[in-house]
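One letter stands for each residue in the lines below.
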Amino acid sequence: DPDSGDNGLLLYSLVNSQTSEFDIDENTGQIFTVSVAGKAGTFYLEVQAADQGTRQLTAQTTVNITVDSSSSNNIVVVVLDQKINAVERNMAEVKRVLEDKLAWNVYIIAVYSNEAEGSARSSTDGSTDVTYIKITAFDDTNQEVPAEDVKRKLTEQKSNIETELEKIFSTPVTTAIEETSAESASPELIATIVLSVLLACVLPAFLAYVVVTTKRRRKYEQQDLVKKQTEVIEGVDNPCATDKNGSLRSLEKPEYKNN
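Residues numbered from 1 in each chain as written. Predicted model: local features only at pLDDT ≥ 70, side-chain atom pairs only at ≥ 80, totals over all residues. Heavy atoms only, no water.

**Student:** Before we go on, may I ask you to explain the overall build of the protein in this structure?
**Tutor:** Looking only at helices and strands, the protein has five helices and nine strands in total. When the helices and strands of the protein are read in sequence order from the N terminus, they spell out β-β-β-β-β-β-α-α-β-β-α-α-β-α. By sequence separation, contacts in the protein at least 24 residues apart represent 59% of the contacts at least 6 residues apart. Summed over all atoms, the accessible surface of the protein reaches about 17,400 Å², with 51% contributed by carbon and sulfur. (Helix = DSSP H or I, 4+ residues; strand = E, 2+ residues; numbered from the N terminus. Contact = heavy atoms within 4.5 Å. Areas by Shrake-Rupley, 256 points an atom, 1.4 Å probe, with all protein chains shown as cover.)

The following block contains the structure:
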């Protein structure tokens, strides 16, 4: 914008804030990731630039972002002893420092304040004093840089990176590299495994209970049926009737005594 003053001050925004995977620096227009962990595909962002004049003028454009899940093996987690709100406010500057000291293009994949995978913005009040930044780097030929090379460079430049970050946050900053083991299972997978184990334990007991209950019910029904049949038989003239002990008894006509 060739204007000066408020008429030349441009602020950038995502129209309707249509996605939670990305955010934009309102002053520079730089788009960065908030959380794309476990996601892949093309995202379409409608970006607006607006001047701050009395008669505000705006312009919009569509930005297509393709997320490639192949980068998952070369993700490095950088740990800062700063609150997540402070890191998010200065994300563009943090990215600039990393790119300057590593001499590679750095992409922010996720920013979160606890160790749970994909917990982006998990502490929105900024109460946690540790922030994790997932990054991946690409060289000048746009080839992905192996994670071990990124870690080595981060270690070599640790002092320089911390000095530059201290200027940004106006406080001493300590950085570290989070050593992650094998990819942890997602909460959904863990829940599925736990449920499967519970079902494996409970189902046999439940089936046994059903079988035993069914047998008992049938036994009681048979005993009740025999009892009813016996009562009916005893009330008729049946030469094969049984006595109370189950033995055959005679159904001869009773002898009546004269009064």
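**Student:** Any chance you could explain the nonpolar core here in plain terms?
**Tutor:** General note: in soluble globular proteins, nonpolar side chains tend to be found buried as a group. Counting residues in hydrophobic clusters, the biggest one holds 28 residues, and the most contacted among them are I135, V150, L154, L165 and F169. At the level of secondary structure, the elements contributing two or more residues to this core comprise β6 (76-80), α1 (84-89), α2 (91-102), β7 (105-112), β8 (131-138), α3 (147-156) and α4 (158-169). Among the elements that line this core, the one with the most residues is α2, at five residues. Counting residues in hydrophobic clusters, the runner-up holds 15 residues, among them F43, L45, I65 and V79. (Core = buried A, V, L, I, M, F, W, Y, C linked by side-chain atoms within 4.5 Å. Buried < 20%, exposed > 50% of the residue type's maximum accessible area, 1.4 Å probe, protein only.)

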